[in-house]
Amino acid sequence: MQALKSGEQNLGTSIMAVQFDGGVIIGADSRTTSGAYIGNRVTDKLTKVHDRIYCCRSGSAADTQAIADIVHYYLQSYAAEHNGTGTEPTTRVAANIFKDLCYTNKDALSAGIIVAGWDKHTGGSVYNIPLGGSLHKQSFAIGGSGSTYIYGYCDSEFKEGMSKDECIEFTKNALALAMSRDGSSGGVIRLAIITKDGVERLIIPGDNLPRFYETQ
Amino acid sequence: MEYNGAAIVAMVGKNCVAIAADKRLGAQAMTVSTNFQKVFPMTDKTYIGLAGLATDVSTLHSKFRRKVTEYAMEENRTIEPKTFAHVVSATLYEKRFGPYFIEPVIAGLDANNEPFICSMDLIGCINFAKDFVVAGTASQNLYGMAESLWEPNLEPEELFEAVGQTLLNAVDRNAVSGWGGIVHVITPERIITRELKGRMD
């Protein structure tokens, strides 16, 4: 059974999220492909589902957009029903809604999602939901086709208790390496820093990407 | 044909020709090398670019090098680009029912320094063009770029720009080609070879 339909848009992708004391950093490349054709080279794969909860999307563009829209709706209802401060949905709640959708519809979907956010109970947290719809809380998570090339790099470079700036460097370098090796990843690096003060969005254009060893 | 990835383009200018190619070698989505040669000099004034399966690129380069050397020994002169094109075509058609997965692009100057370019399909049908030829995974993108940027009678430096920009912007919309580029401009006096600095994603 084919995962994607013929001609369907594919978020080939390299996505990543890292937790630090005070929040989370999330990052993604910006390439959408349909076969080998690059349909969009400036895609935004970091999608807001609540004020301080974002998801990183990989797999089928249509499937992940549909799922994110549904979760966004559920979280709006949750916030409205639990009105008042201190009752904002937690990242854990959002991740579980994603997981329910991905697991229940596992046969029909092609979606690898990383959920990350800040809430006042736990601070920053990262949840990885790979293809089958399992849920994994992790200190950092990587996903998408490009992630296979950076498991070694991430395992060797990650340390618990990194500062916000160290996390940004870690994410930037890891994604740049993945984009360099993976044909389905590329374009610009989009970053978002989620803390109690809100969401700061950054973009690193192609010519400012860190460059590493290239075969001579 | 999409397994390794390639993008090749050749254009005619004023008393010159240019041929350019990307430098990526991939295994489907994974990039294995950013320095893979796809354009080869066959004589002092004829170049061939081979787009398609990398193993066949190496094999055919080897075969054509031998055929060109043998021709020079038998005829005691260098082979003309048009004649070489027919040699390539015959070699490909020999394997009509089990072909090489290659789309060749030939660019050169004949004995009178007249520009010559052509391309072929994988079984040797020659396309003699007067303006430009393209091949590879980004061929449709290359057609669009070349159609927009080419005009007749470009001087060598202008032709370099046209060919370079055609290649760079075409491969940036193709996930399996790019990761560097190389351009050869062939004039009666000399050959100018330049590397292109492009996106490495």
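In the block above lies the structure referred to throughout.
Source: prediction; values computed, not measured.

### Some thoughts on the interface of chain A and chain B
Alright, step 1. Every contact between the two is made by 24 residues of chain A and, on the other side, 20 residues of chain B.
Alright, step 2. Summed over the shared surface of chain A and chain B, the number is one salt bridge.
Alright, step 3. With a closest N to O distance of 3.3 Å, arginine 31 of chain A and aspartate 201 of chain B form a salt bridge.
Alright, step 4. Counting across the chain A and chain B interface gives ten residue pairs in polar contact (both at pLDDT 80 or more).
Alright, step 5. Split into classes, the residues belonging to the side of chain A that touches chain B amount to six nonpolar, twelve polar and six charged.

### Regarding the sheet that holds strand E11 (residues 140-143) of chain A
Residues and elements named next belong to chain A.
Alright, step 1. Across the sheet, which stays open at both edges, the five strands sit in the order E11-E2-E3-E12-E13 with antiparallel pairing between neighbours. Looking at the sheet topology across the chains shown, the edges are occupied by E11 and strand E13 (198-204). Averaged over all adjacent pairs, the angle separating strand axes in this sheet is 10°, with direction ignored.
Alright, step 2. Across the sheet, helix H4 (residues 164-181) is in contact with strand E2 (15-20), strand E3 (23-28), E11, strand E12 (189-195) and E13; its angle to E2 comes to roughly 165°.

### Digging into a nonpolar patch on the surface
Alright, step 1. There is a patch of nonpolar side chains on the surface, built from Ile70, Tyr73 and Tyr74 of chain A and spanning about 320 Å² of accessible area.
Alright, step 2. Residue placement: tyrosine 74 of chain A occurs in helix H1 (residues 61-81).

### A closer look at the pattern of salt bridges
Here the idea is simple: oppositely charged side chains can pair when their charged atoms come close.
Alright, step 1. Scanning all chains against the criterion turns up 13 salt bridges over all chains.
Alright, step 2. The partner of lysine 172 of chain A in a salt bridge is glutamate 169 of chain A, and the shortest N-O contact between them spans 3.2 Å. Highlighted residues: lysine 172 of chain A and glutamate 169 of chain A, both in helix H4, separated by three residues, approximately one helical turn.
Alright, step 3. Residue classification places glutamate 169 of chain A among the partly exposed positions, given a relative accessible area of 39%.
Alright, step 4. Arginine 77 of chain B is the partner of glutamate 75 of chain B in a salt bridge, and the nearest nitrogen-oxygen pair spans 3.1 Å.
Alright, step 5. With relative accessibility at 38%, the residue glutamate 75 of chain B sits in the partly exposed group.
Alright, step 6. Among the charged side chains, a network of salt bridges with common partners joins Arg31 of chain A together with Arg199 and Asp201 of chain B.

### Concerning the packing of H1 of chain A against helix H2 (residues 91-104) of chain A
All names here are of chain A.
Alright, step 1. Where H1 contacts H2, the axes come no closer than 10 Å and their chain directions differ by 135°. Of the possible angle classes, the one that applies to H1 and H2 is oblique. Seen from above, H1 lies across H2 with right-handed handedness. Where H1 abuts H2, its residues Ile67, Ala68, Ile70, Val71, Tyr74, Leu75 and Tyr78 lie against Val93, Ala94, Ile97, Phe98, Leu101 and Cys102.

What counts as what
- Residues numbered from 1 in each chain as written.
- Chains lettered and ligands numbered in written order.
- Predicted model: local features only at pLDDT ≥ 70, side-chain atom pairs only at ≥ 80, totals over all residues.
- Heavy atoms only, no water.
- Contact = heavy atoms within 4.5 Å.
- Salt bridge = Lys/Arg side-chain N within 4 Å of Asp/Glu carboxyl O.
- Polar contact = N/O pair within 3.5 Å; in protein donor to acceptor, adjacent residues only side chain to side chain.
- Nonpolar A, V, L, I, M, F, W, Y, C, P; charged D, E, K, R; others polar.
- Pairing = 2+ DSSP bridges.
- Helix = DSSP H or I, 4+ residues; strand = E, 2+ residues; numbered from the N terminus.
- Axes fitted to C-alpha atoms, helices over the stretch in contact; angles between N-to-C directions.
- Patch = residues over 30% accessible without salt bridge, like charges linked within 9 Å, V, L, I, M, F, W, Y side chains within 5 Å.
- Areas by Shrake-Rupley, 256 points an atom, 1.4 Å probe, with all protein chains shown as cover.
- Buried < 20%, exposed > 50% of the residue type's maximum accessible area, 1.4 Å probe, protein only.
- Parallel < 35°, antiparallel > 145°, perpendicular 65-115°, else oblique.
- Left-handed = near helix turned anticlockwise from the far one by under 90°.

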